[in-house]
Amino acid sequence: MFLLYEYDIFWAFLIISSAIPVLAFLISGVLSPITKGPEKLSSYESGIEPIGDAWLQFRIRYYMFALVFVVFDVETVFLYPWAMSFDVLGVSAFIEAFIFVLILILGLVYAWRKGALEWS
């Protein structure tokens, strides 16, 4: 039988953890000054007067490097719990993790061959 009272602590934690950021935003909105002057509307570049337009186009290479970094960073997030419980999981989990890493290596080789990792 499904008993809801077993989840009272969970619901209390969920409500409190959701209310804290909402209250923080509301309090900061009420207490913050609303004055908008020329100093407030200017862009800030380390205390130096900005030169030129603030909108710059970045090359797609930066995004490709960031995407490859995120993929391999997420890979470590998935592999860390597996590595911590490696002795309990057995051979089938090792094979699954090996296939997962193999797919990621194939993606890296594909990106490398397409020239997505070339900086120049």
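Residues numbered from 1 in each chain as written. Predicted model: local features only at pLDDT ≥ 70, side-chain atom pairs only at ≥ 80, totals over all residues. Heavy atoms only, no water.

Caption draft 1: Looking closely at the overall build of the chain. A tally of helices and strands in the chain yields five helices and zero strands. For the chain, the α and β elements follow one another from N to C terminus as α-α-α-α-α. Counting all 120 residues of the chain, 6% fall into the buried class. For the chain, the share of sequence-separated contacts (at least 6 apart) that also reach a separation of at least 24 residues comes to 56%. On the chain, roughly 11300 Å² of surface is accessible, and the fraction owed to carbon and sulfur atoms is 73%. (Helix = DSSP H or I, 4+ residues; strand = E, 2+ residues; numbered from the N terminus. Buried < 20%, exposed > 50% of the residue type's maximum accessible area, 1.4 Å probe, protein only. Contact = heavy atoms within 4.5 Å. Areas by Shrake-Rupley, 256 points an atom, 1.4 Å probe, with all protein chains shown as cover.)

Caption draft 2: Spotlight on the packing of aromatic side chains. Across all of its chains, the model carries five aromatic pairs by this definition. On the numbers, 5.0 Å between centres and 65 degrees between planes, the contact of phenylalanine 10 with tryptophan 11 is edge-to-face. Look at tryptophan 11 and you get partly exposed, because its relative accessible area is 42%. With centroids separated by 5.3 Å and ring planes inclined at 70 degrees, the aromatic side chains of tryptophan 82 and phenylalanine 86 adopt a geometry described as edge-to-face. (Phe/Tyr/Trp six-rings, centres within 6.5 Å; stacked < 30°, edge-to-face > 60°.)

Caption draft 3: Quick look at a nonpolar patch on the surface. On the surface, a nonpolar cluster with roughly 890 Å² of combined accessible area is contributed by Phe86, Val91, Phe94, Ile95, Phe98, Ile99, Leu102, Ile103 and Leu106. At eight residues, helix H5 (residues 91–114) tops the list of elements feeding residues into the nonpolar patch. Relative to the elements of secondary structure, leucine 106 occurs in helix H5. Given a relative accessible area of 53%, leucine 106 falls into the exposed group. (Patch = residues over 30% accessible without salt bridge, like charges linked within 9 Å, V, L, I, M, F, W, Y side chains within 5 Å. Salt bridge = Lys/Arg side-chain N within 4 Å of Asp/Glu carboxyl O.)

Caption draft 4: The arrangement of the packing of helix H3 (residues 60–84) against H5 in detail. Across the interface, H3 lies against H5 with an axial gap of 12 Å and an inter-helix angle of 175 degrees. As judged from the angle between their axes, H3 and H5 are roughly antiparallel. Residues Val68, Val71, Phe72, Glu75, Phe78, Leu79 and Trp82 of H3 form the contact with H5, whose own contacting residues are Ala93, Phe94, Ala97, Phe100, Val101, Leu104 and Leu108. Class assignment of the residues belonging to the contact of H3 with H5 gives a composition of 13 nonpolar, no polar and one charged. (Axes fitted to C-alpha atoms, helices over the stretch in contact; angles between N-to-C directions. Parallel < 35°, antiparallel > 145°, perpendicular 65-115°, else oblique. Nonpolar A, V, L, I, M, F, W, Y, C, P; charged D, E, K, R; others polar.)

Caption draft 5: How the structure looks around the UniProt feature "transmembrane region" (unreviewed entry) in the chain. Per the UniProt record, "transmembrane region" (unreviewed entry) is found at residues 12–34, 62–83 and 89–112. For residues 12–34, helix accounts for 87% and strand for 0%, while the C-alpha atoms at its two ends are 35 Å apart. Between the C-alpha atoms that bound residues 62–83 there is a distance of 31 Å. The span itself is 100% helix and 0% strand. (UniProt positions renumbered as here; feature names shortened; annotations may be inferred.)

Caption draft 6: Focus on the confidence of the model for the chain. Confidence in the prediction for the chain averages 82 pLDDT; 89% of positions are at 70 or higher. Confidence scores differ between elements of the chain, with helix H2 (residues 38–41) showing the lowest mean pLDDT of 72 and helix H1 (residues 8–31) the highest of 93. (pLDDT = per-residue confidence, 0-100.)

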